[in-house]
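# Residue-level structure breakdown
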Amino acid sequence: DRSKISLNTTNIFIEITALDRTKLEIVNRMMVTMFSQYTSEPFTIEPVQIVSEHNNETRVTPDIAPRTAQAEVSYINQCCGLELSPAEICTKLTKMSYRAKPSTTSPDIIDVEIPPTRADVLHQCDIMEDVAIAYGFNSLPRDFPQISGTIAQPLPINKLTDIVRVETAMAGWSEVMPLILCSHDENFGWLNRKDDGNTAVKLANPKTTEFQVVRTSLLPGLLKTIRENKHHSVPMKIFEVSDVAFKDLSMERKSRNERHFAAAFYGKSGGFEIVHGLLDRVMAMLKSAFITGEEGLENAAATDSQYYIKETDDASYFPGHAGTIHVRIGGKDQEIGSFGVLHPTVLQNYDLKYPTSVLELNVEAFL
């Protein structure tokens, strides 16, 4: 009962325990400023000194000093489509509980003091948003700014992905989006592949056997999609363009992503020529010309980017019905993927009764 708050409570001591100091201080400021509205002398608080000699963190809390930030006048006007002066922007910010004044260092800079209750203000875009609110969203000019800071540019890898995605869909293939996590057997054993321990990113404490590793190939997701949709008519032509992950101890996070493209044909015939045709279409769309290794044969359309295929002996594929995909960009050769008819044991592992041909390649080579 001693800690209960009633209508007769006159003194309140706020004690908070947390694992994250930043979040703790945010909550502390919020609670203190909220209660300060109802004190006998409004907006007054009594700070507390925390003695922490063992780690030299002795301090007085709460620290309700305003944070300082800067915002560019040109950026605010550019995003809002306005032509406000620094003084007018400061007036608008005052309405939103800021303290703002034109900077003495540059006429395009405004010095802003952020109140302790505004932990959400992290960037000058947040300040710009409050200027727009104070001005009135309905009062903003209804035209397209000539120079706008609000239009994003796609990342090159995403733009390339969209090109591959659209062209494949236009060729009659259906896109699927399976989960990025899978079981260890689905990623390795069921594809007749061995785990060397240095390839896949493994979950430390998986809740189920379905989510043990981050996929290193898009094929398990495609094959599981076909397995769960076997009641549909054949043939099935599906594809996916998404990320896979690999261990990489040279990276700070000890792993890296790769953007892969994969497709699977499931039908009563092998479909090798169909995925081969899709490969040719995708490579043509990426402006990579096919070249052969036969003496005297040259492709007149060959540009700076060419590709060729080699027969491979991969346990995932039926013997004699698979090949690796190689590209030569700027005179440099690299293997980017493989395609072929899956081995019968792979089909049995995924409970598929018809032949299946697949294709998978790394699209990052074309950036």
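Note: the structure precedes this text.
Reading the values: rules and limits
- Residues numbered from 1 in each chain as written.
- Predicted model: local features only at pLDDT ≥ 70, side-chain atom pairs only at ≥ 80, totals over all residues.
- Heavy atoms only, no water.
- Axes fitted to C-alpha atoms, helices over the stretch in contact; angles between N-to-C directions.
- Helix = DSSP H or I, 4+ residues; strand = E, 2+ residues; numbered from the N terminus.
- Parallel < 35°, antiparallel > 145°, perpendicular 65-115°, else oblique.
- Left-handed = near helix turned anticlockwise from the far one by under 90°.
- Contact = heavy atoms within 4.5 Å.
- Nonpolar A, V, L, I, M, F, W, Y, C, P; charged D, E, K, R; others polar.
- Core = buried A, V, L, I, M, F, W, Y, C linked by side-chain atoms within 4.5 Å.
- Buried < 20%, exposed > 50% of the residue type's maximum accessible area, 1.4 Å probe, protein only.
- Expected span 1.5 Å × (residues − 1).

## Some words on the packing of helix H2 (residues 73–80) against helix H4 (residues 124–135)
Running from N to C, H2 and H4 cross one another at 55°; their axes reach a closest spacing of 10 Å. In terms of orientation, H2 and H4 fall into the oblique class. Crossing of H2 against H4: the hand is right-handed. From H2, Tyr75, Ile76, Cys79 and Cys80 reach across to H4, where they touch Gln124, Cys125, Met128, Val131 and Ala132. Per-class residue counts for the contact of H2 with H4 are eight nonpolar, one polar and no charged.

## Let's talk about the nonpolar core
Among the nonpolar cores identified, the biggest contains 26 residues, and Phe261, Ile336, Leu359, Leu361 and Phe366 are the most heavily contacted of them. Among the secondary structure elements, those contributing two or more residues to this core are helix H5 (156–170), strand S10 (236–247), strand S11 (255–266), helix H8 (272–285), strand S14 (317–329), strand S15 (332–342) and strand S16 (356–362). The element contributing the most residues to this core is H8, with six residues. With sequence-adjacent residues up to four places away left out, leucine 361 is seen in contact with Arg259, His260, Phe261, Leu279, Ile325, Ile336 and Gly337. Core analysis: the next-biggest nonpolar cluster, separate from the first, contains 24 residues, Leu82, Ile89, Ala132 and Leu140 among them.

## Points about the packing of helix H3 (residues 86–95) against H4
For the pair H3 and H4, the least separation of the axes is 8 Å and the interaxial angle reads 85°. Our classification of the angle between H3 and H4 gives roughly perpendicular. Taking contact as the criterion, the partners of Ile89, Lys92, Leu93 and Lys95 in H3 are, on H4, Ile127, Val131, Ala134 and Tyr135.

## Quick word on unusual backbone geometry
Proline 62 follows threonine 61 through a cis peptide bond whose omega is -5°. Looking at where proline 62 falls in the secondary structure, it is placed in the loop between strand S2 (59–61) and strand S3 (67–72). Between valine 234 and the following residue, proline 235, the backbone shows a cis peptide bond with an omega angle of 5°. Among the secondary structure elements, proline 235 is positioned in the loop between helix H7 (219–228) and S10. Look at lysine 254: it is not a glycine, yet its phi comes out positive at around 65°. Within the secondary structure, lysine 254 is located in the loop between S10 and S11.

## Overview of H4
Since there are 3.6 residues in each turn of an α-helix, residues three or four apart along the chain are aligned in direction. In this model, H4 (twelve residues) spans 16 Å end to end at C-alpha, consistent with the 16 Å of a helix rising 1.5 Å per residue. All buried positions along H4 are accounted for by Gln124, Asp126, Ile127, Met128, Asp130, Val131, Ala132 and Ala134. As for H4, its buried residues are in contact with S3, H2, H3 and strand S5 (109–114). Glycine 136, located one to two residues past H4, shows a positive phi value of around 105°.

## Re the environment of proline 220
Take proline 220: it is sitting in helix H7. Owing to a relative accessible area of 1%, proline 220 belongs among the buried residues under this scheme. Considering only alpha carbons, one finds proline 220 and leucine 179, 41 residues apart in sequence, at a separation of 9.7 Å.

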